[in-house]
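What follows is each chain in one-letter form.
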Amino acid sequence: MAATSSWLRYCSFLILISCAIKVCGQGETTTKFDIPTPQQTESNPPASTKESIANMTTASNESSPSQEADLTTAQPTTQAVSSTAMPSYLAVCPSLVNCTNLSVECLDCQLNSSCVYGREYNVTCSPKPDLNCTGDQVFMKRFRCRYCYQSDASEHTCTHNTNCRVNSNPPTMVRVNCSINDDVLCLGQRKFYRRNRCNWTSGYRWTTALTFSITLGGFGADRFYLGYWRQGLGKLFSFGGLGVWTLVDVVLIAVGYVGPEDGSYYI
């Protein structure tokens, strides 16, 4: 019995040894991974990388003509700008005339703002640049020390404001635009504002109104002429107020008490 168990142990030992020898003879199965070196990567890139590079090259080649066209058409265009603008006085100042006959706007005169008000001086004047005039280019002109807005009424021209009544009491003062005459030398701006008394006319004649009042006043012709059409209708249908209204209007128009309806002066 003891001999039999020893024999079994011996056989098992031999079987284990033979199996171990068989396994060692066959060796281990290993998986190899090819890890490329930097030199191989540069010289032989993978296939997917090659395809990506090829696609990028094709896309760039296809888009380059349009990009070149865009660059060509997108060139900024520079617009020529005149470096010298023509002075405004060249459009109003005449040419080929005597320099002394030019208006003050066409001259450069040496005016002294520290002069004594009201005193007259001789100042040196010359035509402005680029003006073509004849005669002396430097000459003297008479200058009275004052600003342009201080000039006399005969030395400037003002516009008329028609939005006022000339026969109002007290007289209406209006703001008007004035400009100095071309031959007057003065300091400051040559165009200015002034407050003048309301003074304008729309063309009604005193003689015509008086004639209508004497001859056809009973029919309201004088009132119609002056613009009082409602009162003209009253005189027409009342036969001149039975003559009384006609006589009253003759007196009122003769003394100038009744004027044009728009508030202007007679001429």
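In the block above lies the structure referred to throughout.
Within each chain, residues carry numbers counting from 1 in the order of the written sequence. Given that the model is predicted, a residue must reach a pLDDT of at least 70 before its local features are reported, and side-chain atom pairs must reach 80 or more before they are shown or counted; all residues, however, enter totals for whole chains, interfaces and linings. Heavy atoms from the whole structure form the basis of all side-chain values; hydrogens and water molecules are not counted.

K.L.:
Explanation requested: the sheet that holds strand E5 (residues 173-180) in the structure shown.
P.N.:
Whenever strands of a sheet pair, they do so through backbone hydrogen bonds, lying parallel or antiparallel. The three strands are arranged E4-E5-E6 in an open sheet whose pairing can be described as antiparallel. Each of the sheet's edge strands pairs with one partner strand only, and the pair in question is strand E4 (156-158) and strand E6 (191-197). Along the sheet, successive strands turn relative to each other by an average axial angle of 40 degrees, direction set aside. Note: E4 against E5, three bridges, orientation antiparallel. Among the inter-strand pairings, His156 is bridged to a residue of E5, identified as Ile180. Each pair of strands is called paired provided DSSP finds at least two bridges between the two strands. A run of H or I in DSSP becomes a helix once it reaches four residues, and a run of E becomes a strand once it reaches two; helices and strands are each numbered from the N terminus. Only C-alpha atoms enter the line fits that serve as axes; for helices the fit covers just the stretch in contact. Angles between N-to-C directions range over 0 to 180 degrees.

K.L.:
Where do I start with the nonpolar core in this structure?
P.N.:
Note on soluble globular proteins: their nonpolar side chains tend to be buried together. Formed by 17 residues in total, the largest nonpolar core has its most connected members in Leu102, Leu131 and Phe143. Only heavy atoms enter the contact rule, under which two residues are in contact if any of them lie within 4.5 Å. Those residues within four positions of Phe143 in sequence are excluded, and the remaining contacts are Leu111, Cys115, Arg119, Glu120, Tyr121, Val123, Leu185, Cys186 and Leu187. In these notes, a set of buried Ala, Val, Leu, Ile, Met, Phe, Trp, Tyr and Cys residues joined through side-chain atoms within 4.5 Å is what counts as a nonpolar core. Exposure categories follow from relative accessible area, calculated using a 1.4 Å probe and restricted to protein chains: below 20% of the type maximum is buried, above 50% is exposed, and the middle band is partly exposed. In this structure, Cys148, Cys178, Val184 and Cys198 belong to the second largest nonpolar core, which totals 13 residues.

K.L.:
Sorry, what's going on with the side chain of His156 here?
P.N.:
In this structure, His156 sits in strand E4. Judged by relative accessible area, His156 falls into the buried class, the value being 9%. A distance of 3.2 Å separates polar atoms of two side chains, one belonging to His156 and the other to Arg194. In this structure His156 touches Ser151, Cys178, Ser179, Ile180, Asn181, Phe192 and Arg194, once residues within four positions along its chain are discounted. Identification of polar contacts relies on pairs of N or O atoms within 3.5 Å, with a donor-acceptor requirement for protein atoms, meaning one able to donate a hydrogen and the other able to accept it, and with residues adjacent in sequence counted only if both atoms are side-chain atoms.

K.L.:
Would you mind showing me how to read the layout of surface pockets here?
P.N.:
Over the atoms rolls a probe the size of a water molecule, and in doing so it shows where empty space is left. Using only the protein atoms, space was sampled on a 1 Å grid; points where a 1.4 Å probe fits but cannot get out form cavities, open sets with protein on both sides within 12 Å along at least five of seven lines form pockets, and lining residues are those with an atom within 4 Å of a point. Grid points are joined across faces, edges and corners, and a volume is the space filled by probe spheres set on the points. The space that makes up the largest pocket amounts to roughly 280 Å³. Forming the walls of the largest pocket are 14 residues, and the residues nearest its centre are Val104, Glu105, Leu107, Lys128 and Arg190. In the scheme used here, Gly and all other residues not listed as nonpolar or charged are polar, with Ala, Val, Leu, Ile, Met, Phe, Trp, Tyr, Cys and Pro taken as nonpolar and Asp, Glu, Lys and Arg as charged. Broken down by class, the residue content of the lining of the largest pocket amounts to eight nonpolar, two polar and four charged.

K.L.:
Is there a simple way to think about the packing of aromatic side chains in this case?
P.N.:
Two aromatic rings are characterised by how far apart their centres lie and by the angle between their planes. Each Phe, Tyr or Trp ring (for Trp, its six-membered ring) is paired with any other whose centre lies within 6.5 Å, and the angle between the two planes then decides the class: stacked below 30 degrees, edge-to-face above 60, tilted in between. Considering all chains together, one arrives at three aromatic pairs under this definition. Judged by centre distance (6.0 Å) and plane angle (20 degrees), the rings of Tyr147 and Tyr149 are stacked. When its relative accessible area of 35% is taken as the criterion, Tyr147 is described as partly exposed. With a relative accessible area of 48%, Tyr149 lands in the partly exposed category. Seen in terms of ring centroids, Tyr204 and Tyr225 are 5.5 Å apart; in terms of plane orientation they differ by 85 degrees. Their pairing is edge-to-face. Taken as a pair, Tyr204 in the loop between E6 and helix H4 (206-216) and Tyr225 in helix H5 (residues 221-226) lie far apart in primary sequence, 21 residues in all. Its relative accessible area of 22% is what places Tyr204 among the partly exposed residues. A relative accessible area of 23% means that Tyr225 is categorised as partly exposed. Through a chain of ring-to-ring contacts, three or more aromatic side chains come together here, namely Tyr204, Phe212 and Tyr225. When the NZ atom of lysine or the CZ atom of arginine is within 6 Å of a ring's centre and also within 35 degrees of its normal, the charge is said to sit over that ring. Cation over ring: Arg175 sits above Tyr193, and NZ or CZ is 3.8 Å from the ring centre.

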